[in-house]
Amino acid sequence: GVEHIDVKQTLSGGFKAPADIQLLNGEESPRNHDLLGHLIAKSWRSKVDDLDIDFLKEGWSEDILEDGLIARVVKSDTAKSGKDWVVNEVWGFVVIDGVRRFARRYKFTTKNRSEPIYVKLYYDYGGYLAFSYFLMLTELSLSGVSPHGHGSNCACTMCIMNV
């Protein structure tokens, strides 16, 4: 079969969080996401050196540099959604103060913002099936005012994706 990652998401605030099944085959897969609308996603394994965006290459653990990480591109299906955004993301592991952490890095771009948004997320890691909870947000670069008045540093999905 095809290697895949099955993500079960739990969100606060009453938002319905759909399961996210990612086939690691590098092929585009259209879907209708409950929060983000119509989008196209593709996922694959990648060597860090093969990534095109410098921000996504920085700070990984030695084993990730050697073995690779999970890369994704998720973009709006503009013809169906009327939105125009792209998220480049990578998943892997970092070592912070001697502690191994699951990490994700995101670069968000949209025609509605003059500059990209860069985000680094770090999680506790409890084994292959149990990364537990969001631990800290260490970098979020935003400017301007959110589309629904949350303020210039809002990092909610609606502000970042402008949905």
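First, a word on what this report is: a plain description of the structure on this page. Numbering of residues starts from 1 in every chain and runs along the sequence as written. Only residues with pLDDT of 70 or above have their local features reported here, since the model is predicted, and side-chain atom pairs are shown and tallied only from 80 upward, although totals for entire chains, interfaces and linings are computed over all residues. Here the side-chain values reflect all heavy atoms present in the structure, with hydrogen atoms and water set aside.

1. Topic: the pattern of salt bridges
Pairs may arise between side chains of opposite charge once their charged atoms sit close together. We define a salt bridge as a side-chain nitrogen of Lys or Arg found within 4 Å of a carboxyl oxygen belonging to Asp or Glu. In the structure shown here, the tally under the stated rule is 4 salt bridges. Note that Glu-3 is salt-bridged to Arg-45, the shortest N-O span being 2.7 Å. Of this pair, Glu-3 sits in the segment before strand S1 (4-7) while Arg-45 sits in strand S4 (residues 37-46), and the two are 42 residues apart along the sequence. For the exposure calls, accessible area comes from a 1.4 Å probe over protein chains only, and a residue counts as buried if that area is under 20% of its type's maximum, exposed if over 50%, partly exposed in between. Residue classification places Glu-3 among the partly exposed residues on the basis of a relative accessible area of 38%. What makes Arg-45 partly exposed here is its relative accessible area of 49%. Residue Asp-63 is joined to Arg-100 by a salt bridge in which the shortest nitrogen-to-oxygen separation is 3.0 Å. Here Asp-63, found in helix H2 (residues 62-67), pairs with Arg-100, found in strand S7 (residues 99-110); they are 37 residues apart in sequence, far enough to count as distant. A residue is classified by how much of its surface remains accessible, and Asp-63, at 29% relative accessible area, is partly exposed. Runs of H or I in DSSP of at least four residues are treated as helices and runs of E of at least two as strands, each being numbered from the N terminus.

2. Structural notes on the pairing of strand S3 (residues 29-33)
For two strands to be treated as a pair, DSSP must find no fewer than two bridges joining them. Both S3 and S4 contribute to a ladder of 5 bridges, which runs antiparallel. If you follow Asn-32 over to S4, its bridge partner there is His-38.

3. Let's talk about a nonpolar patch on the surface
Patch membership requires over 30% relative accessible area and the absence of a salt bridge. Like charges are linked within 9 Å, and nonpolar side chains (Val, Leu, Ile, Met, Phe, Trp, Tyr) within 5 Å. With residues, only the protein chains shown are counted as cover, and all accessible areas are computed by Shrake-Rupley using a 1.4 Å probe. Taken together, the side chains of Val-2, Ile-21 and Leu-23 define a hydrophobic patch exposed on the protein surface, amounting to about 260 Å² of accessible area. Note that Leu-23 resides in strand S2 (residues 20-23).

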